[in-house]
Amino acid sequence: MRKELGYKPDQGDTDELDLYAGGAVERIERKIGKVSGQVIKVTATGPTDLVRLHARASEVTRLTVNGVAVDLAGFELSTGSILRGNFPPGALVVWAVAPLNDSSLVVLAARRLAALWWKQSKNGPHGQADVQDAATVMGVGIPRVVLAMIDGIDDLAGIG
């Protein structure tokens, strides 16, 4: 984010910059799914033979039935989003970890979004003069340029 802002390594409040960066990642994850190794928690009711995680997962870390931990040996994570096995009757809770996303595009989009938010909040309601996106200046959602980056619309993203 410091590179996007043109800041030196010691410039800017690190804690505040981290808040903006974390917020940008969370906002992009709402758009495209979890990408940063966060914990996914899903509840379901057994008996069943599968539990949909509603997000990609790299691994399942814990499973409980009626609050009691269950050995994961008999369960298989399929396509990264479905846990298969013979789930007993009761209240099921599954904890999994979203895979770390090594996509440069996601990193660049989050960096751009965080920097745009930073520029806007640090320079008043109209943002910095070089910000071209009307949605950013008005403070609405994810700016078009960031959406274009994560949706692959090269012309709008300024790529190519």
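What counts, and where the lines are drawn
- Residues numbered from 1 in each chain as written.
- Predicted model: local features only at pLDDT ≥ 70, side-chain atom pairs only at ≥ 80, totals over all residues.
- Heavy atoms only, no water.
- Helix = DSSP H or I, 4+ residues; strand = E, 2+ residues; numbered from the N terminus.
- Areas by Shrake-Rupley, 256 points an atom, 1.4 Å probe, with all protein chains shown as cover.
- Core = buried A, V, L, I, M, F, W, Y, C linked by side-chain atoms within 4.5 Å.
- Buried < 20%, exposed > 50% of the residue type's maximum accessible area, 1.4 Å probe, protein only.
- Phe/Tyr/Trp six-rings, centres within 6.5 Å; stacked < 30°, edge-to-face > 60°.
- Lys NZ or Arg CZ within 6 Å of the ring centre and 35° of its normal.
- Axes fitted to C-alpha atoms, helices over the stretch in contact; angles between N-to-C directions.
- Parallel < 35°, antiparallel > 145°, perpendicular 65-115°, else oblique.
- Contact = heavy atoms within 4.5 Å.
- Nonpolar A, V, L, I, M, F, W, Y, C, P; charged D, E, K, R; others polar.

Help me understand the overall build of the protein chain, please; the structure alone is not making it clear to me.
The helix and strand tally for the protein chain stands at six helices and five strands. Starting at the N terminus and ending at the C terminus, the protein chain contains elements arranged as α-α-β-β-β-β-β-α-α-α-α. Accessible area of the protein chain: about 9,400 Å², with a carbon and sulfur share of 52%.

Honestly, the nonpolar core in this entry has me stumped. Any pointers?
What tends to happen in soluble globular proteins is that the nonpolar side chains get buried as a cluster. Ranked by size, the top nonpolar core spans 18 residues in total, and within it Met1, Leu5, Ile28, Ala109, Leu113, Trp118 and Val146 carry the most contacts. Where this core is concerned, the elements lending two or more residues are α2 (14-32), α3 (104-122) and α5 (144-151). Examining the composition of this core, we find that seven residues originate from one element, α3, more than from any other. Of all hydrophobic cores here, the second largest spans 16 residues; its members include Phe75, Phe87, Leu92 and Val94.

Looking at this structure, I do not really get the packing of aromatic side chains. What am I missing?
Any aromatic ring pair is given by two values, namely how distant the centres are and how the planes are angled relative to each other. A full pass over the atoms with the stated rule returns three aromatic pairs. Aromatic side chains Tyr7 and Trp118 sit 6.3 Å apart centroid to centroid with 80° between the ring planes, which places their arrangement in the edge-to-face category. Pair noted here: Tyr7 is in the loop between α1 (2-5) and α2 and Trp118 is in helix α3, with a separation of 111 residues, a long-range link. Given a relative accessible area of 5%, Trp118 falls into the buried group. Between Tyr20 and Trp118 the ring centres are 5.1 Å apart and the planes differ by 75°, which places this aromatic pair in the edge-to-face class. Within this pair, whereas Tyr20 is found in helix α2, its partner Trp118 is found in helix α3, the two being separated by 98 residues in sequence. Here the two residues Tyr20 and Trp118 agree in accessibility, since each one is buried. Grouping aromatic residues by their ring pairs yields a cluster made of Tyr7, Tyr20 and Trp118. If you follow Arg62 out to its NZ or CZ, it ends over the ring of Trp95, 4.4 Å from the centre.

Help me understand the packing of α3 against α5 in this model?
Helix packing geometry: the angle between the two helix axes and the distance between the axes. In contact at an axis separation of 9 Å, α3 and α5 are set at 175° when each is read in the N-to-C sense. As judged from the angle between their axes, α3 and α5 are roughly antiparallel. For the pair α3 and α5, contact is made by Leu105, Leu108, Ala109, Arg112, Leu113 and Leu116 and by Val145, Val146, Met149 and Ile150, respectively. Of the residues belonging to the contact of α3 with α5, the class tally is nine nonpolar, no polar and one charged.

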